[in-house]
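# Structural features, examined
What follows is the residue order along each chain.
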Amino acid sequence: MLQQNRSLGEQAIDKVAEIAIASKLDESETLSVTVNTDPGQLAQGEVEAVAVEGKGLVMQQDLRVEELQIHVKDIAVNPLTAMFGKIELNGPAFGGARAVLTESDINRAFNSEYISRKLKNLKVTVDGQLRTIDVKTIECQLLVGKIALNAEVLVRETASTEKIYFTAKPEIAAGGWAISLQDVEYPENNEFSPELTEALADKAGEVLNLRNFEIEGMSLRIQQLNVEAGLLTLQAEAKVEQFPN
């Protein structure tokens, strides 16, 4: 939300930056960019802070995030281009980010063409034999502290359809770029093929890779996650190497 006492020059830079980021998205319900600076700071190549806040953002692979907030401070920029609203960074800038994905967002991702391609022609060793599987359907539920997956997979060699259901605890993967599913549990001691379950859990982790939801030039590194009924909230470190233009 823009402050009322902001100058027309600052608001103009905000709008240019907002249009630049919007150009990297397929869709957005709301999007605002606030660049905190003044002409004196810009002349010295300094920007105090940039805040990006959006809701209902759809990335270019039809991947949607319910809420995304990015706040970056102490940014060194090219003063000549910044005076005309074009922010060129002289080096990477760091800050914090918060992303909220709904259960619907994650299921939309699973059913997107981009992710669906990754769920076909999977090579899995089952009972000592190499099998080719296609994930026909997959549905995710966000529970308190857990994620549940319900899927049907086709084993091509036998033309059989296997149903798999399990819950798992999401954890931050090494490096903080993605989420892995650990501590798999089956309902009523009904264990499914561990090889198929592992393959499905791995692919689900790829869907939850935060890099799928990044804006060009901005990378996010997960520091904390929280799962509650219907919502997945991620706190992350934001690194901005290039501002969209």
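Just so we're clear, the structure is a prediction, and the values are computed from it rather than from any experiment.

Conventions adopted
- Residues numbered from 1 in each chain as written.
- Predicted model: local features only at pLDDT ≥ 70, side-chain atom pairs only at ≥ 80, totals over all residues.
- Heavy atoms only, no water.
- Pairing = 2+ DSSP bridges.
- Helix = DSSP H or I, 4+ residues; strand = E, 2+ residues; numbered from the N terminus.
- Axes fitted to C-alpha atoms, helices over the stretch in contact; angles between N-to-C directions.
- Contact = heavy atoms within 4.5 Å.
- Patch = residues over 30% accessible without salt bridge, like charges linked within 9 Å, V, L, I, M, F, W, Y side chains within 5 Å.
- Areas by Shrake-Rupley, 256 points an atom, 1.4 Å probe, with all protein chains shown as cover.
- Salt bridge = Lys/Arg side-chain N within 4 Å of Asp/Glu carboxyl O.
- Lys, Arg positive; Asp, Glu negative; His and termini not counted.
- Charge placed at Lys NZ, Arg CZ, Asp CG, Glu CD.
- Buried < 20%, exposed > 50% of the residue type's maximum accessible area, 1.4 Å probe, protein only.
- Core = buried A, V, L, I, M, F, W, Y, C linked by side-chain atoms within 4.5 Å.
- pLDDT = per-residue confidence, 0-100.

## A word on the pairing of strand β3 (residues 64-76)
With 11 bridges joining them, strand β2 (residues 46-58) and β3 adopt antiparallel strand pairing. Considered in β3, the bridge of E46 is made with A76. Turn length for the β2-β3 hairpin, with the two strands adjacent in sequence and antiparallel, is 5 residues, and the turn residue D62 shows positive phi of about 65 degrees. Summarising the sheet, β3 and strand β4 (residues 93-102) pair through 6 bridges and their orientation is antiparallel.

## Re the sheet that holds β2
Two orientations exist for strands paired in a sheet by backbone hydrogen bonds: parallel and antiparallel. Taken together, 6 strands build an open sheet; the order of strands is β1-β2-β3-β4-β11-β10 and the sheet is antiparallel. Where the open sheet ends on each side, the last strands, each with one partner, are β1 (30-36) and β10 (218-228). Along the sheet, successive strands turn relative to each other by an average axial angle of 10 degrees, direction set aside. Contacts from helix α4 (residues 103-110) reach β2, β3, β4 and β11 (231-240), with the element oriented near 90 degrees to β4.

## A closer look at a negative patch on the surface
A contiguous patch of negative charge, built from D38, E46, E48 and D74, is present on the exposed surface. On the secondary structure map, E48 appears in strand β2. Judged by relative accessible area, E48 falls into the partly exposed class, the value being 45%.

## A few points about the environment of P39
Checked against the element boundaries, P39 lands in helix α2 (residues 39-43). When its relative accessible area of 55% is taken as the criterion, P39 is described as exposed. Sequence separation between P39 and P79 is 40 residues; the distance between their C-alpha atoms is 9.6 Å.

## A short note on the nonpolar core
Ranked by size, the top nonpolar core spans 71 residues in total, and within it L68, F110 and F243 carry the most contacts. Among the elements that line this core, the one with the most residues is helix α6 (residues 194-207), at 6 residues. Ignoring anything within four residues of it in the chain, the contact list for F243 reads A17, I21, V33, V50, I87, L89 and M218.

## Describing the sheet that holds strand β7 (residues 147-155)
Taken together, the 5 strands give an open sheet; going across it, the order is β5-β6-β7-β8-β9, and neighbouring strands pair in antiparallel fashion. If you trace the sheet from one side to the other, it starts and ends with β5 (122-126) and β9 (179-185), each paired once. Each strand of the sheet is rotated relative to its neighbour by a mean of 50 degrees, with strand direction disregarded. As paired elements, β7 and strand β8 (residues 160-172) share 9 bridges and run antiparallel to each other.

## With respect to the confidence of the model for the protein chain
When pLDDT is averaged along the protein chain, the result is 86; 94% of the residues meet or exceed 70. Ranking the elements of the protein chain by mean pLDDT puts helix α1 (residues 8-22) last, at 78, and β4 first, at 94.

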